[in-house]
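Below, each chain spelled out in residue letters.
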Amino acid sequence: MKIVRLAVAVVVFLACLIAGGAPSAWAGVAADYPEFPYPPTNYDEPLRGQYHFSPRAGWMNDPNGSVYYRGQYHLFFQHNPHGLGWETMHWGHAVSPDLVHWNQKPIALEPGVHPGDLWSGNGVVDTRNVTGLKSGGDDPILFFSGTGGVVVHYSLDGARTFQTYNRGTEVIDTGGNESRDPKVFWHAPSQRWVMVLYVKEGNFGANFYTSTDLLHWNFASRFTADWMFECPDMYQLPVDGNPANTRWVLSAAKDNSYVLGDFDGTTFTPTSPVRREDFGGGGAGSPFYASQTFTGDPAGRVVQTAWQGGNHGATWTGDLTFPAQLGLRTSSDGIRLTRNPVAELASLRRDPVELGAQTLQPGTNPLAQLRGDAYELTAEFDLTGATARKFGFRLHTRSDGGFDREVSYDRGAQTLYGAPLSPVNGRVSMHVLVDRGQLGIFAAGGAFSYTDNVDFNPANQGLSLFADGGSVRLNSLRFNRIASAWGTGQSTLDSNLGDAWTAVNGTWTDTAAGKQGTASGDAFYLSPTSAGDLTYEGDVRVDSGTAAALTFRASDDAARHYTVNVDTAGMVKLWRPGRDIATYPTAITVGRTYHLKVVAAGSRIRVYLDRSAQPVIDATDTAYAAGRLGVNVFSGQATVNNLQLNAAGFDTNLAGPWRPVSGTWTAPGDAVQARGGGDTFYLSSSTGADFTYSGDLTPVNGVAAGLVFRASADGTRHYTANVDVNGIVKLWRPGADIATHAANIVPGRTYPLAVTARGTNIRVSLDGVEVINATDATYSTGLFGLNGFAGTARFRNVRLTA
């Protein structure tokens, strides 16, 4: 997405001008991060690949930061979610358990929230905490990005959110030279991390740097070549599967170039001629560009994707090649890189059709009965005695004999799809992937790879196996339909209830706040999880209309269920079909998030509201003993999130109900979370004068997280002790900063903070060390609570002691 990519941007820009408007820059704010600015999609639009990843909406280009972490592949990519052209790059994010079923998540890096040019780079997982950034149970996940130098971004919560190291100060400064696209990898023999970075110092090249902690880097060497332009990648592969015989592969985006060589931890020495990874494109916006490999594959594979710039639809531009496993194989012209679709493709294969050995004659088509727009073909042809001038497949054929694309082998020229391919032992193999707007062709055990974008006409889905100008022997052929890989995960609904939810009535869509349901009557969204006796809790919000609810012990069709809701008629209600079991009168405000918890044991059902100390409903009903868990909306629109079954939840001994005074307060996992543009307050029902009050505070993005005490019910009078990413611990009240202490407060890290108040004396401790001892007589008693400022903050283990 760099300088060469500006040509693509100009085309899009001119198209926007012709349409009557120009693209506009987009910068977010911490209070809205991470954003999820996508319209609903069923991923079934014309030309939308069914097993190639494409963004829900907006522009995408290079894959970035591809890592495997704790059971999931994380794909990040260059992304403009607010338009169809290259402009104001974000890092998009998607996850998959198997490299096939992708589920798009909220934005990872966002202009206005994360400093610097958020252009291409890569990611690694710091499993040994060499950075010292770890805070909590997750390993740090690091991104390397930036232009004219390298900036580090990191996540301490499993890639849910990202922060920027040292406020965006570059960890590598390339001295004013054009540079971008860092790739970081581990070099075991030297026990060092290595970075290869595209740097133009008069000519194209890559600089190598080394580090022991991923944050401090030393220049090691420089490699120059006229093909070394943009998006370098580097990895080690065994030759012919022999781990004792390996080569390093160094690649760049220009012409999809790569060379093999030796690497001693500081210097790369090429040992092969320059070759192409793939014959498709090789320039920005072409069908194959800016390839990148995943780090950390659990099977030790090297898996690659690349940007396919030619795919587009009404709501998106660009997609990725299907993930390919890389290898090295000895051939008659040396050691060659191989690319083959990952084995996980097998999970999508359907309706196989096989052809046995036969001779193909001109004018015949053994596949005449097949139709499709997403499928796989594998075939082997024997050229012994062949007289055909060319043979292969015609795709998306029409009744008049026409077709959209031909994948054929020219026997005289020895080319497949126009690219050179010599027979192997007198035979030619073809492995073809067709996916609406995508075409992938593999041959010679993966040593041949050709990726293309084709605007296949969805009205013409015929398929032809042909031979022209003579005959050729077909040894074998297999056809598989490829099922859609979409719709198997949850993008923004956080729960421990599984991914395969089903809708019963209404419309259910993903929003930044969670799953949003819209219905004129009752609509249900049911998880795959069932339970009888349970503790089930979650956040519910009425956006408009009547009610939002938790549903439990439900049948598959939701004809039988229990549901507890917040109802804007002024109540919390427990009901089932045919009976309102119990109600609790209380004001319910549209747009406010409420936390509901249900404890069901046998026939007894208790309901808690906003962590109330006692149930607001305690009722008995024997109609249903067990069933599915889910959510409900009635006569309007509602948003639900953070659904947990039998989970520990937020740990506090402060009395509820808790009440938000300002900002949005939700309950992800074992925390409560604040989000807002200024001061946000969440007040418990507990009061105190002299006490010790403590908690674990995380300023996720934004400025500060604090403990509130001796507060008034409206939050206008209070003391607050906070950790502030501007580098201080602060004790303050409205109108006065009482005391501060300099401290290195890192965004995303968790800090144990404690306040001890005795009369007018207030002491604040950070991680068990007293850092503030002050006196203030303004407030003598009041409520306990929490505070976030100008962004997002999380709180855990909030405890009050004498």
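Residues numbered from 1 in each chain as written. Predicted model: local features only at pLDDT ≥ 70, side-chain atom pairs only at ≥ 80, totals over all residues. Heavy atoms only, no water.

(A) Focus on the overall build of the protein chain. Counting its secondary structure elements, the protein chain contains one helix and 58 strands. With the principal axes as the frame, the protein chain shows a C-alpha extent of 100 × 70 × 55 Å. Of all 802 residues assigned to the protein chain, the portion counted as buried reaches 60%. Residue pairs in contact within the protein chain that sit at least 24 positions apart in sequence constitute 61% of those at least 6 positions apart. For the protein chain, the computed accessible surface area is about 28300 Å², with 49% contributed by carbon and sulfur atoms. Across the protein chain, the mean location of the 62 positive side-chain charges is 3 Å away from that of the 72 negative side-chain charges. (Helix = DSSP H or I, 4+ residues; strand = E, 2+ residues; numbered from the N terminus. Buried < 20%, exposed > 50% of the residue type's maximum accessible area, 1.4 Å probe, protein only. Contact = heavy atoms within 4.5 Å. Areas by Shrake-Rupley, 256 points an atom, 1.4 Å probe, with all protein chains shown as cover. Lys, Arg positive; Asp, Glu negative; His and termini not counted. Charge placed at Lys NZ, Arg CZ, Asp CG, Glu CD.)

(B) Region of interest: the sheet that holds strand β27 (residues 390-397). Read across the sheet, five strands follow the order β30-β29-β28-β27-β34 without closing on themselves; strand pairing throughout is antiparallel. Of all strands in the sheet, those bounded by a partner on one side alone are β30 (419-420) and β34 (462-468). In the sheet, β27 pairs with strand β28 (residues 403-410) via seven bridges, with the strands oriented antiparallel. What sits directly across from Lys390, in β28, is Asp410. (Pairing = 2+ DSSP bridges.)

(C) Inspection of the environment of Asn245 at higher detail. Here Asn245 lies in strand β15 (residues 242-252). Other than its neighbours up to four places away in sequence, Asn245 contacts Leu237, Pro238 and Val239. In this structure the side chain of Asn245 is engaged in a polar contact, spanning 2.7 Å, whose partner is the side chain of Arg247. (Polar contact = N/O pair within 3.5 Å; in protein donor to acceptor, adjacent residues only side chain to side chain.)

(D) Region of the structure containing the pattern of salt bridges. Summed over the entire model, instances satisfying the criterion amount to 42 salt bridges. Salt-bridge contacts for Lys573 lead to Asp580; the nearest nitrogen and oxygen are separated by 3.8 Å. Measuring nitrogen to oxygen at the nearest pair gives 3.9 Å for the salt bridge that ties Lys730 to Asp737. By relative accessible area, Lys730 is classed as buried at 16%. Among the residues examined, Asp737 registers a relative accessible area of 53% and is labelled exposed. What emerges from the salt-bridge pattern is a single network uniting Arg70, Lys134, Asp138 and Asp139. (Salt bridge = Lys/Arg side-chain N within 4 Å of Asp/Glu carboxyl O.)

(E) Representation of the nonpolar core. Core analysis: the largest hydrophobic core is formed by 59 residues, its most contacted members being Phe144, Trp217, Leu786 and Phe795. Here this core takes five residues from strand β58 (residues 782-801), the largest share from any one element. (Core = buried A, V, L, I, M, F, W, Y, C linked by side-chain atoms within 4.5 Å.)

(F) Here's a closer look at unusual backbone geometry. In this structure, the amide linkage connecting Tyr33 to the following residue, Pro34, adopts the cis form with an omega of -5°. Tracing the chain through its elements places Pro34 in the loop between α1 (6-18) and β1 (58-69). Along the chain, Gly656 connects to Pro657 via a cis peptide bond; the corresponding omega equals 5°. Secondary-structure assignment places Pro657 in the loop between β46 (627-645) and β47 (659-662). One non-glycine residue with positive phi stands out, namely Arg70, at about 50°. Structurally, Arg70 is set in the loop between β1 and β2 (72-80). Despite not being glycine, Arg167 shows a phi value in the positive range, around 60°. Relative accessible area serves as the criterion here: at 58%, Arg167 is assigned to the exposed category.

(G) Here's a closer look at the confidence of the model for the protein chain. Per-residue confidence for the protein chain gives a mean pLDDT of 95; residues scoring 70 or more make up 97%. Considering only residues more than four positions removed or in separate chains, one finds that residues 1-24, a stretch of pLDDT under 50, has 46 contacts. (pLDDT = per-residue confidence, 0-100.)

(H) Just the pairing of β1, in detail. Counting buried positions over the twelve residues of β1 gives eleven, a clear majority of the element. Examined bridge by bridge, β1 and strand β21 (residues 316-320) share two bridges and lie parallel to one another. Counterpart to Trp59 in the pairing with β21 is Thr317. Two strands pair when backbone bridges link them, and β1 and β2 are joined in this way by seven bridges, in the antiparallel orientation. Its bridge partner being in β2, Pro63 is matched across the sheet by Phe77. Linking β1 to β2, which pair antiparallel, is a turn of two residues; within it Arg70 sits at a positive phi near 50°.

(I) A look at the packing of aromatic side chains. A complete count under the given rule lists 47 aromatic pairs for this structure. Ring plane angle 40° and centroid distance 4.9 Å describe the contact between Phe204 and Phe229, whose orientation is recorded as tilted. Residue Phe204 is found in the loop between β11 (192-200) and β12 (205-211), and its partner Phe229 is found in the loop between β13 (218-224) and β14 (233-239); the two are separated by 25 residues along the sequence. Residue classification places Phe204 among the partly exposed positions, given a relative accessible area of 24%. An angle of 35° between the planes, with centres 5.4 Å apart, marks the rings of Phe208 and Phe263 as tilted. On the criterion of sequence distance, the pair formed by Phe208 in strand β12 and Phe263 in strand β16 (residues 257-263) is long-range, its members being 55 residues apart. Owing to a relative accessible area of 1%, Phe208 belongs among the buried residues under this scheme. Here the aromatic residues Tyr43, Phe53, Tyr68, Tyr73, Phe77, Trp102, Phe294 and Trp486 are joined through ring pairs into a cluster of three or more. Arg48 extends its terminal NZ or CZ atom over the ring of Trp316, reaching a point 4.1 Å from the ring centre. Sitting over the face of the ring of Trp186, Arg128 holds its NZ or CZ atom 4.8 Å from the ring centroid. (Phe/Tyr/Trp six-rings, centres within 6.5 Å; stacked < 30°, edge-to-face > 60°. Lys NZ or Arg CZ within 6 Å of the ring centre and 35° of its normal.)

(J) Local environment of the side chain of Thr397. When you line up the elements, Thr397 lands in strand β27. A distance of 3.3 Å separates a polar side-chain atom of Thr397 from the backbone nitrogen of Leu463. If sequence neighbours within four positions are ignored, Thr397 has contacts with Gly402, Phe403, Asn460, Gln461, Gly462, Leu463 and Ser464.

(K) Inspection of the sheet that holds β12 at higher detail. Taken in spatial order, the four strands make up an open sheet running β10-β11-β12-β13, and their pairing is antiparallel. Lying at the two open borders of the sheet, with one neighbouring strand each, are β10 (178-187) and β13. Averaged over neighbouring strand pairs, the angle between their axes works out to 25° when direction is ignored. Across six bridges, β11 lies against β12 in antiparallel orientation. Bridge pairing in β12 links Val194 to Thr210. (Axes fitted to C-alpha atoms, helices over the stretch in contact; angles between N-to-C directions.)

(L) Local environment of the pairing of β12. In terms of residue burial, β12 counts as a mostly covered element, since seven of its seven residues are buried. Burial of β12 is two-sided: the residues Gly205, Asn207, Tyr209 and Ser211 facing one way and the residues Ala206, Phe208 and Thr210 facing the other way are all buried. Taking the residues between adjacent antiparallel strands as the criterion, β11 and β12 are bridged by four residues, where Gly202 takes a positive phi near 85°. Across six bridges, the pairing between β12 and β13 is antiparallel. Counted as the bridge partner of Thr210 is Asn218 from β13. Between the antiparallel neighbours β12 and β13 lie six residues, among them Leu214 with a positive phi of about 70°.

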